[in-house]
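# Examination of the molecular architecture
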Amino acid sequence: MGHERGRSIAVIGAGPAGTTLATLLARAGFRVAVFSRGSSNPLVVGESLVPAVVPILRMLGVEDEVRAYGVYKPGATFVVDREFSIQISFDEVCSRIPKYAYNVPRDRFDATLRAACERSGARLIEASARVERVPDEAGEPRVRLGPESLAAATEYLGGAPDWVIDASGRSRQLARLLELPSYGQDRRDMALFAHCEGVVLDHPGHVHSDRLEHGWCWRIPLPGRVSLGMVADPAVFRSLGEKPEEQYEAYLRTDPHLKRLFEGGRRVTPVVRYTNYQLTTLRGVGDGWALVGDAFGFIDPVFSSGLFLAMEGARILAEAIRDGSPVALRRYQRRHLRHLEAWRRAIGYFYDGRFFALFRIREEARARGLGRLVNWHVSKHVASIFTGEATTGWYSGWVTEFLMNHALGEQDLGALRIV
């Protein structure tokens, strides 16, 4: 390490971002204490990985374990209506990363990452972290562990940590404490999901995203069950009842597509509700602190990007902390904000109908010369963005932007929009 500062780290949160970061830093010789408040709910949004996560699993040494309990994921399916659906095969799209991913039960996946974290030498502290803002005359926000948290970590860290990293997820502990600027999205959707048996799957192993009369739903195949979630404006769900279970069951009965998918199915877990849906913090690093994972920014789950953003962000932040220079830390911040923005744009194409329209044009134009060129660019460059391989690649991003804005012709986007 080229800089003396930064040998001890306190990480707030033991989710995928926090444990990935802690593992990589502990392996590099840092003293790392991870505060974990535990989780009472095994159902967490983020059960489907993208192929770009697999190299990180290998880096952590856990892919074999994940493979043993996960469901092999060869691609993704997007259902527009009964007549038209889109299949993305990772075998055809991926060139620089593995051509597959996994769907995972989150309780087991998170336990795998925690165990790897402990094997690396990081110390897990089963308690919530208390953090205080440090008064600073220069106006640069700084933080420190509160007395109880400092006492819990001092024996291992040897004193106050050089770094406090917020991996607290959507509670955004440091961002709230420091009143960091942030922005959300125009949409304020709500998600309800549960695990079910007997749900229809069109393609084995694929994560499925389906347009509904109002909103959309996901189908994620897991061992012995399917994660079935639905996303819509909160007013849609409120019209169906008060409790999450009432709303979920009523929507299964009233939406024609869901009714067909769930015929003969049954719910086997409670229903979980998510309301804080998309938010990006505009600053991710400061004097002795940083944000990672959902604490930095979280977005709509439609393209299964959450765990990739969390774990890839942790990998890049670990590199920046190992470097120790302000330049490396600012580079981490810029890169992660660029990742969030790229996924945000892609999600916008899904909701405004352009994603479906572009793939419909691809199907209609396959046989024509120009159509074959469009097909190759859509299949390769546009689809590769959703695997994580080319999310921030300049050419794939430019191709996607150009096609979305100039190649849709007379497509009726109103009929394809998610409402």
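About the criteria used
- Residues numbered from 1 in each chain as written.
- Predicted model: local features only at pLDDT ≥ 70, side-chain atom pairs only at ≥ 80, totals over all residues.
- Heavy atoms only, no water.
- Axes fitted to C-alpha atoms, helices over the stretch in contact; angles between N-to-C directions.
- Helix = DSSP H or I, 4+ residues; strand = E, 2+ residues; numbered from the N terminus.
- Parallel < 35°, antiparallel > 145°, perpendicular 65-115°, else oblique.
- Left-handed = near helix turned anticlockwise from the far one by under 90°.
- Contact = heavy atoms within 4.5 Å.
- Nonpolar A, V, L, I, M, F, W, Y, C, P; charged D, E, K, R; others polar.
- Buried < 20%, exposed > 50% of the residue type's maximum accessible area, 1.4 Å probe, protein only.
- Phe/Tyr/Trp six-rings, centres within 6.5 Å; stacked < 30°, edge-to-face > 60°.
- Pairing = 2+ DSSP bridges.

Turning our attention to the packing of helix α1 (residues 16-27) against helix α5 (residues 106-119). Running from amino to carboxyl end, α1 crosses α5 at an angle of 20°, the nearest separation of the two axes being 8 Å. The angle between α1 and α5 places the two elements in the roughly parallel class. At the point where α1 passes α5, the crossing takes the left-handed sense. Together, P16, T19, T20, A22 and T23 of α1 and R106, F109, D110, L113, R114, A116 and C117 of α5 make up the contact between the two elements. A class-by-class count of the residues in the contact of α1 with α5 yields six nonpolar, three polar and three charged.

Turning our attention to the environment of R106. By the element assignment, R106 lies in helix α5. Take R106: its relative accessible area is 7%, and that puts it in the buried class. Separated by 36 residues in the primary sequence, R106 and G70 have C-alpha atoms spaced 9.8 Å apart. Other than its neighbours up to four places away in sequence, R106 contacts P16, P42, V44, V45, G46, E47 and L307.

What follows is about the packing of aromatic side chains. All chains considered together, the criterion is met by 20 aromatic pairs. When the ring of F78 is compared with that of F303, the centres are 5.8 Å apart and the planes differ by 65°; the resulting orientation is edge-to-face. Within this pair, whereas F78 is found in strand β4 (residues 75-79), its partner F303 is found in the loop between β21 (297-298) and α11 (306-323), the two being separated by 225 residues in sequence. Residue F78 shares its accessibility class with F303, and that shared class is buried. When the ring of F355 is compared with that of F386, the centres are 5.3 Å apart and the planes differ by 90°; the resulting orientation is edge-to-face. Of this pair, F355 sits in helix α13 (residues 354-364) while F386 sits in the loop between α14 (369-385) and α15 (394-406), and the two are 31 residues apart along the sequence. One exposure class covers both F355 and F386, and it is buried.

Further remarks concern the pairing of strand β9 (residues 142-145). Here β9 shows a clear split, with V143 and L145 buried on one side and none of R142 and R144 buried on the other. Pairing of strand β8 (residues 131-134) with β9 involves four bridges; the strand directions are antiparallel. For E132, the partnering residue across the bridge sits in β9 and is R144.

This next bit is on the environment of G324. Mapped onto the elements, G324 comes out in the loop between α11 and α12 (326-352). C-alpha separation for the pair G324 and D233, spaced 91 residues apart in sequence, amounts to 44 Å.

The next thing to look at is the sheet that holds strand β2 (residues 31-35). Paired through their backbone hydrogen bonds, the strands of a sheet run either parallel or antiparallel. Across the sheet, which stays open at both edges, the six strands sit in the order β7-β2-β1-β10-β20-β19 with mixed pairing between neighbours. The two strands at the open ends of the sheet, each matched to only one other strand, are β7 (123-125) and β19 (285-286). Strand contacts of α1: β1 (8-12), β2 and β10 (163-166), with the helix running at about 165° to β2, the strand carrying the most contacts. Strand contacts of α11: β1, β10 and β20 (289-291), with the helix running at about 170° to β10, the strand carrying the most contacts.

Most of strand β12 (residues 190-197) is tucked away: seven of the eight residues are buried. As defined by bridge partners, β12 adjoins strand β17 (residues 272-274) across three bridges and the pair is classed as antiparallel. When the sheet's bridge partners are listed, F193 is paired in β17 with V272. Looking at chain direction, β12 and strand β16 (residues 266-267) are connected through two bridges and run antiparallel. Its bridge partner lying in β16, E197 is registered against R266.

What follows deals with unusual backbone geometry. The backbone phi angle of E179 is positive, close to 55°, even though this residue is not glycine. Here E179 lies in the loop between α7 (173-178) and β11 (182-183). The class for E179 is exposed, based on a relative accessible area of 65%. In this structure, S304 takes a positive phi of about 60° despite not being glycine. Relative to the helices and strands, S304 resides in the loop between β21 and α11. Here S304 falls in the buried class, since its relative accessible area comes to 10%.

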